[in-house]
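# Working through the structure, step by step
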Amino acid sequence: MQQLGIDTQSFEKLRSRNCLYVDKTESVYRMIMGGRVYFLSRPRRFGKSLLVSTLEALFKGQKALFEGLYIYDKWEWEEYPVIKIDWTGINHSTPEEMENSLVLYLIDIAQNYQLTLEAKSAIDCFRELIESLQEKTGKDVVILIDEYDKPITSHLTDSHLTAIRTKVDNFYQVMKGSDNYLQFVLLTGVSKFWGSSVFSSFNTPQDISLRKEYAAICGYTQEELESNFTEYIDRAAEYLKITREDLLEQISYRYNGYTWDGKTAIYNPFSIMNFFENRKFDNYWPSAGTPSFLIDFIQRSNRMDDVLKPMVVSSWVFDGYDPASISEIPLLFQTGYLTVKKLELINGIPRYTLGIPNKEVSEALLTHLQKACGTSSHME
């Protein structure tokens, strides 16, 4: 479920106010029924947190919140213990502060289930919490980790990277030893880092980031935009004094164009939400804050002009990255400045054409290039 400007934890308030939403629970149901451990990569502000919150409400058995949605009469609505870890709410400025903050975060989850953790380290607290929840409830545990890579991407260019990465890897290693206690696991993030315990020693997640059946699990398709936001579209057209058709064309030109399967075009929900609220065309997504590590990378790179035109790449670009030596193409793809424009099979081998998604992103990227490199690059 993706809401327009409303956190999914406020489902009841949303329904009482009759706000609009887009039903994504068919994709959620397919995910739950098709496997047990998943990883999803999407750029920032693309609805990953809303997806995680939807799964949290689903596994907590909050059936009333899903009335009228696809999954309502298909799910058994059994309640499971849920450990939801949102790394944006954990201090990871240094390895020591991350350790202390993570311990307190896990203690808070335990208290919500009337449990007291005796362990002192974050790793031991995580293990104890999983086992205690399973023992207390008699149900296997659901683990939802939002922005799993946030501690690593925050330190790509500083001296804390190695220590932070080691601590994070050891923390995720707990899930391997606790596999028999787990019902379902989803990790979301921006980047897929190889060498991480998430993708090596742990029960390897299904990476659904580029799978066509999950291409629209976050964001809005054209059909969803027009069918769910009719009133917003009409009001914006009237306010801007243009026809509905012209408005839709301009919205598509500026905000549509992300794809992860080369076919299903997706709107950035953050940009659409802000456009409908402000009723003016602006670069909302880039203005919300470009990651500092990306700015640092642009300033140090000598090949950034190459990304201004479409390029054909092999699947290695998406297989995983070493955070200590990530190159410009994978980084720009993961952060949302490049997207899959076309997917072809040549002798059974996939070839991806990457390009800039839309006008909003092209203007932002060109601005960053000009500021960082002092160039006057031209972009069509």
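Refer to the preceding data block for the structure.
Residues numbered from 1 in each chain as written. Predicted model: local features only at pLDDT ≥ 70, side-chain atom pairs only at ≥ 80, totals over all residues. Heavy atoms only, no water.

### Here we look at the overall build of the chain
- Assigned secondary structure in the chain consists of 16 helices and 10 strands.
- Residue burial in the chain is summarised as follows: out of 380 residues, 53% are buried.
- When contacts within the chain are restricted to residue pairs at least 6 apart in sequence, those whose partners lie at least 24 apart make up 70%.
- In the form shown here, the chain has an accessible surface area of approximately 17,100 Å², with 46% of it arising from carbon and sulfur atoms. (Helix = DSSP H or I, 4+ residues; strand = E, 2+ residues; numbered from the N terminus. Buried < 20%, exposed > 50% of the residue type's maximum accessible area, 1.4 Å probe, protein only. Contact = heavy atoms within 4.5 Å. Areas by Shrake-Rupley, 256 points an atom, 1.4 Å probe, with all protein chains shown as cover.)

### Here we look at the pattern of salt bridges
- A complete count under the given rule lists 16 salt bridges for this structure.
- For K74, the salt bridge goes to D73, with nearest N and O atoms at 3.2 Å.
- The exposure class of K74 is partly exposed, given its relative accessible area of 34%.
- The shortest N-O distance in the salt bridge between D124 and R127 comes to 2.9 Å. (Salt bridge = Lys/Arg side-chain N within 4 Å of Asp/Glu carboxyl O.)

### Quick word on the pairing of strand β9 (residues 339-346)
- Note that β9 and strand β10 (residues 349-355) share 7 bridges and pair antiparallel. In the sheet register, L343 faces β10, and the bridge partner there is Y352.
- Counted along the chain from β9 to the antiparallel partner β10, the turn is 2 residues long, and its residue N347 has a positive phi close to 55 degrees. (Pairing = 2+ DSSP bridges.)

### Focus on the sheet that holds strand β8 (residues 311-313)
- Strand order in this open sheet of 3 strands is β8-β10-β9, and the pairing throughout is antiparallel. The two strands at the open ends of the sheet, each matched to only one other strand, are β8 and β9. Within this sheet the neighbouring strands show an average axis-to-axis angle of 30 degrees, counted without direction. (Axes fitted to C-alpha atoms, helices over the stretch in contact; angles between N-to-C directions.)

### Focus: the side chain of N274
- For N274, the location among the structural elements is in helix α11 (residues 269-278).
- Leave out the neighbours within four places in its chain, and N274 touches R279 and Y284.

### Examining helix α7 (residues 161-177)
- Under the 1.5 Å per step criterion, the end-to-end length of α7 is 25 Å for 17 residues, consistent within 8% with the ideal 24 Å.
- Those residues of α7 not exposed but buried are L161, I164, R165, V168, D169, F171, Y172, V174 and M175.
- The inward-facing, buried residues of α7 contact β4 (82-86), α4 (95-112), α5 (122-137), β5 (141-146), α6 (150-153) and β6 (182-189). (Expected span 1.5 Å × (residues − 1).)

### Description of the packing of aromatic side chains
- Under the criterion given, the structure shown has 25 aromatic pairs.
- Aromatic side chains Y29 and Y70 sit 6.3 Å apart centroid to centroid with 65 degrees between the ring planes, which places their arrangement in the edge-to-face category. Separated by 41 residues along the polypeptide, Y29 in helix α2 (residues 25-34) and Y70 in the loop between α3 (48-59) and β4 bring together distant segments of the chain.
- With a relative accessible area of 29%, Y70 lands in the partly exposed category.
- Centre to centre, the rings of F39 and Y148 are 5.5 Å apart; their planes meet at 85 degrees, and the pair counts as edge-to-face. Here F39, found in strand β3 (residues 37-41), pairs with Y148, found in the loop between β5 and α6; they are 109 residues apart in sequence, far enough to count as distant.
- The exposure class of F39 is buried, given its relative accessible area of 1%.
- Every member of this aromatic cluster is reached through a ring pair, and the members are Y220, F229, Y232, Y255, F275, F276, F281 and Y284.
- Above the face of the Y214 ring, R30 is positioned so that its terminal group lies 5.9 Å from the ring centre. (Phe/Tyr/Trp six-rings, centres within 6.5 Å; stacked < 30°, edge-to-face > 60°. Lys NZ or Arg CZ within 6 Å of the ring centre and 35° of its normal.)

### What about the environment of A122?
- Its location among the elements puts A122 in helix α5.
- Here A122 falls in the buried class, since its relative accessible area comes to 3%.
- Note: C-alpha distance between A122 and S101 (21 residues apart in sequence) is 8.8 Å.
- Once residues within four sequence positions are removed from consideration, A122 is found in contact with E99, L102, V103, L106 and F171.

### Notes on the sheet that holds β4
- Overall, parallel pairing links the 5 strands, which are arranged β4-β5-β6-β3-β7 in an open sheet. Strand pairing shows two members of the sheet lacking a second neighbour, β4 and β7 (206-207), which therefore form its edges.
- By the bridge criterion, 5 bridges tie β3 to β6 in an arrangement that is parallel. When the bridges of β6 are listed, Y38 appears paired with L186.
- Packing against the sheet, α3 makes contact with β3, β4, β5 and β6, and its axis sits at approximately 165 degrees to β6.

### So, helix α9 (residues 230-240)
- Restricting attention to buried positions, one finds in α9 the residues I233, A236 and A237. Buried residues of α9 fall within an arc of 100 degrees about the axis and therefore sit on the same side. Opposite the buried face of α9, at more than 90 degrees from it, the exposed residues are E231, E238 and Y239.
- Against α8 (222-228), α10 (244-255) and α11 lie the buried residues of α9.
- Looking one or two residues beyond α9, the residue adopting positive phi is K241, at roughly 60 degrees. (Arc of directions from axis to C-beta.)

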